[in-house]
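# Notes for the structure review
What follows is the residue order along each chain.
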Amino acid sequence: MSSNLCNILLIFAFSFSLFAADFIVPGKNIALRKSYTMLPPPNYALCKDEADAVQLTDGESKSSCKNQFWVEKSSVGWSKGLPIIITIDLEREEPISGISWNGAAGSGGVTWPMGLQVYVSSDQQNWYFVGDLADLGSRKTRPEPVGHSIFKYATDGLRTKGRWVQILVNQTPYAFCDEIEVFRGEDAWLQEPHGKTAVADPQQDFWQNNLNNGLRMRLFADLMQVEERILSLPKNYAPRNAALPKIALLKEEIAQDFSVDLDSFQAVFPLNRLHERVFALNAVFLQANRYSKPFFWHNNRWDPLTMLSMPEGSALSAPLQVDMMRNEQRSEVINLCNPGNDSLEYEFSCSGLPEEAGLQFNEVLATDTKQGESISAALKLSDNPKQLKLRVPAGTSRQVWISFRKPSLPNGKYSGKVSARAPGQEELEAEINLRIYAEFPQQASLHVGGWDYVNGNGRYVHGMSNLQDNLALMRDIYTDSAWATSSVMPQGAKFAEDGSLMNAFEPRPVIDAR
């Protein structure tokens, strides 16, 4: 990470502290100058010092900085700790109304925390989960995803008690903080039960809570985007005013406890029925912008795209154009927007192009990222490459990837028509032109890599069950160079002048990447 000095303009542009504008400190900071433990110990060299043992509760927090947050000695930092566990001893059982975490991210490879799970205990034997501060502290104001900034996650919505407060931090590959506050609540709360099931070790629930709260944060993020759009509409616009109570209800429902099955959950949007209802409210904004019925639109296939993306201008009017060589692989995309109030089931097909064009439809899936930025990048291969069934939830846009896989056509121009049909809707059509003008070589002279350490047991590869399918797909699109760890190389190797290995022996297992 860079430690370049921020100039004065950049300080005001991105090095300032943000937190919910209406947050009012709910009580005395009872963590002030209290002791705490940290596992693992802080290890980020540029801010590490002996004062790390006291800085998180010394009452000093930064709201701006000339240098990046992580080069300031008043910060406490970690590299590659998951989870990071910080336990504060309040010295006696206290009523607790809130908590805050002051940190920074947004540049230098530092991303915002995906989880700040908060537990309380009165005996260090029974721990009670009270919420995820990364979620609770960002429901009204969220940190900027890009550009160095300081953000205080803060909530006054707790009603609990305990002597020890433990925070399990999910923030990789780096995490930074300079102050944690715990706010005192009302004495009467000391007589109330915790009201939740106790666990002996908070780490045993870490991944389940991480999934539940990550899902909740995604729903709140998309709801905030939709709410911002709806609030921008004229105040006398009736659909705007009708949507506001629905937004308030969704906020209440999302805030409630819910659990996700780790074994069956898929991180594909919409994530659940609540998420689909959030998207559906975006139809109010689309209709206010005179999008009254489903339509095709187009963007560059490499441009970022979310299910809430909108076209810049009108619907698709120009033909889709693909110029390529015979026996090559190239693609184009088409987006379908549904501004209606109900989800639609579309079926895509193409007519007019010869079978030898090798056309194939694939569905583009929207997913989340650890940076909290949704992307549309994953391709779901179609069982029938010539047709595709696509569900388009209300208020969203979906993308279809149109591939030409090694066409065998003679040089020339070819035209076809992409059609999308849904019950009760007008058929959508778009012209697509294909131009073949040369022959792609059987063996490419440029070697392309991209397989991530597939030797041995392929431990770096997520989803081992589809490893071979992925390798076959990459070979088919001319990826011919694999990465591997040093363990595949013979030890004490000797080479001849022509580069041949002189003392070859049986190598360790490696997946053939040729």
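For the structure, check the block above.
### Brief notes about the overall build of the chain
- Per the secondary structure count, the chain includes seven helices and 21 strands.
- Projected onto its principal axes, the C-alpha positions of the chain cover 80 × 80 × 50 Å.
- Classification of the 514 residues of the chain by burial places 47% in the buried group.
- Intrachain contacts of the chain at a sequence separation of at least 6 include 80% that bridge at least 24 residues.
- Accessible area of the chain: about 26,100 Å², with a carbon and sulfur share of 51%.
- Averaging the locations of the 49 positively and 60 negatively charged side chains of the chain gives two centres separated by 2 Å.

### Describing the packing of helix α5 (residues 238-255) against helix α6 (residues 273-288)
- One way to put it is that α5 packs onto α6 with a least axis distance of 10 Å and a crossing angle of 165 degrees. Taken together, the axis directions place α5 and α6 in an arrangement best described as roughly antiparallel. Two packed elements cross with a definite hand, and for α5 against α6 that hand is left-handed. Where α5 approaches α6, its residues Pro239, Arg240, Ala243, Lys246, Ile247, Leu249, Leu250, Glu253 and Ile254 are matched on the opposing element by Leu274, Arg277, Val278, Leu281 and Val284.
- Residue classes in the contact of α5 with α6 are distributed as 10 nonpolar, no polar and four charged.

### Some points on the packing of helix α4 (residues 206-231) against α6
- Where α4 meets α6, the axes come as close as 9 Å, and the angle between the chain directions of the two elements is 15 degrees. By the angle class used here, α4 and α6 are roughly parallel. Regarding α4 and α6, the two cross each other, and that crossing is left-handed. For the pair α4 and α6, the contacting residues are Arg218, Leu219, Asp222, Leu223, Val226, Arg229 and Ile230 in the first and Leu274, His275, Val278, Phe279, Leu281, Asn282, Val284 and Phe285 in the second.
- Of the residues that constitute the contact of α4 with α6, the class distribution is 10 nonpolar, two polar and three charged.

### As for the pattern of salt bridges
- All told, the structure shown has 24 salt bridges when counted by the stated rule.
- Residues Arg159 and Glu192 are paired through a salt bridge, measuring 2.7 Å at the closest nitrogen-oxygen approach. Here Glu192 lies in the loop between β9 (174-184) and α4 and Arg159 lies in the loop between β7 (149-155) and β8 (160-170), a separation of 33 residues in the sequence.
- Judged by relative accessible area, which is 26%, Glu192 ranks as partly exposed.
- Between Asp476 and Arg405 there is a salt bridge; the shortest N-O distance is 2.4 Å. You can see Asp476 sitting in helix α7 (residues 467-476) and its partner Arg405 sitting in strand β17 (residues 396-405), a full 71 residues away along the chain.
- Look at Arg405 and you get partly exposed, because its relative accessible area is 26%.
- Each of the salt bridges in this network shares a partner with another, and the network as a whole consists of Arg92, Glu94, Arg184 and Asp187.

### Here's the deal with the environment of Met502
- Looking at where Met502 falls in the secondary structure, it is placed in the segment after β21 (479-482).
- In this structure, Met502 is in contact with Lys494, Phe495 and Ala496, ignoring residues within four places of it in sequence.

### A few points about the nonpolar core
- Counting 44 residues, the largest nonpolar core has Leu56, Ile86, Ile99, Trp101, Ile180 and Val182 as the members making the most contacts within it.
- Among the elements that take part in this core, strand β4 (residues 84-105) stands out by supplying nine residues, more than any other.
- Membership of the second largest hydrophobic core comes to 29 residues, among which are Leu353, Ala357, Val418 and Ala422.

### Here's the deal with the sheet that holds strand β15 (residues 375-381)
- Strand order across the open sheet formed by five strands is β10-β12-β17-β14-β15, with antiparallel pairing between neighbours. The strands lining the two open edges of the sheet, one partner per strand, are β10 (295-297) and β15. For this sheet the average axis-to-axis angle between neighbouring strands, irrespective of direction, equals 35 degrees.
- Note that strand β14 (residues 359-367) and β17 share five bridges and pair antiparallel. The residue bridging Glu363 from the neighbouring strand is Val400, located in β17.

### Let's talk about the packing of aromatic side chains
- Applying the stated criterion across every chain, the model contains 14 aromatic pairs.
- Both rings, one in Phe151 and one in Tyr153, keep their centres 4.7 Å apart while their planes meet at 70 degrees; by these two values the pair is edge-to-face. Grouping residues by exposure puts Phe151 and Tyr153 together as buried.
- Here the aromatic rings of Phe296 and Phe348 are separated by 6.0 Å at their centres, their planes lie at 40 degrees, and the arrangement is tilted. Taken together, the residues span a long stretch of sequence, with Phe296 in strand β10 and Phe348 in strand β13 (residues 344-351) at a distance of 52 residues.
- Among the residues examined, Phe296 registers a relative accessible area of 4% and is labelled buried.
- Since its relative accessible area comes to 0%, Phe348 is described here as buried.

### Re the side chain of Ser107
- Counting through the fold element by element, Ser107 comes out in the loop between β4 and β5 (115-121).
- The exposure class of Ser107 is buried, given its relative accessible area of 18%.
- In this structure the side chain of Ser107 is engaged in a polar contact, spanning 3.4 Å, whose partner is the side chain of Gln68.
- Beyond its immediate stretch of four places on either side in the chain, Ser107 contacts Gln68, Trp70 and His148.

### Overview of the pairing of β7
- Counted residue by residue, β7 has seven buried out of seven residues, so it is predominantly covered.
- Side chains Ser149, Phe151, Tyr153 and Thr155 of β7 all project onto a buried face; the interleaved residues Ile150, Lys152 and Ala154 project onto the opposite face, where all are buried too.
- Relative to β7, β4 runs antiparallel, the two being bridged by seven bridges. In the sheet register, Ala104 faces β7, and the bridge partner there is Ile150.

### Concerning the environment of Leu215
- Relative to the helices and strands, Leu215 resides in helix α4.
- Considering only alpha carbons, one finds Leu215 and Gly131, 84 residues apart in sequence, at a separation of 13 Å.
- Non-local contacts of Leu215, meaning those with residues more than four positions away in its chain, are made with Phe258, Val260, Leu271 and Asn272.

Conventions we followed
Residues numbered from 1 in each chain as written. Predicted model: local features only at pLDDT ≥ 70, side-chain atom pairs only at ≥ 80, totals over all residues. Heavy atoms only, no water. Helix = DSSP H or I, 4+ residues; strand = E, 2+ residues; numbered from the N terminus. Buried < 20%, exposed > 50% of the residue type's maximum accessible area, 1.4 Å probe, protein only. Contact = heavy atoms within 4.5 Å. Areas by Shrake-Rupley, 256 points an atom, 1.4 Å probe, with all protein chains shown as cover. Lys, Arg positive; Asp, Glu negative; His and termini not counted. Charge placed at Lys NZ, Arg CZ, Asp CG, Glu CD. Axes fitted to C-alpha atoms, helices over the stretch in contact; angles between N-to-C directions. Parallel < 35°, antiparallel > 145°, perpendicular 65-115°, else oblique. Left-handed = near helix turned anticlockwise from the far one by under 90°. Nonpolar A, V, L, I, M, F, W, Y, C, P; charged D, E, K, R; others polar. Salt bridge = Lys/Arg side-chain N within 4 Å of Asp/Glu carboxyl O. Core = buried A, V, L, I, M, F, W, Y, C linked by side-chain atoms within 4.5 Å. Pairing = 2+ DSSP bridges. Phe/Tyr/Trp six-rings, centres within 6.5 Å; stacked < 30°, edge-to-face > 60°. Polar contact = N/O pair within 3.5 Å; in protein donor to acceptor, adjacent residues only side chain to side chain.

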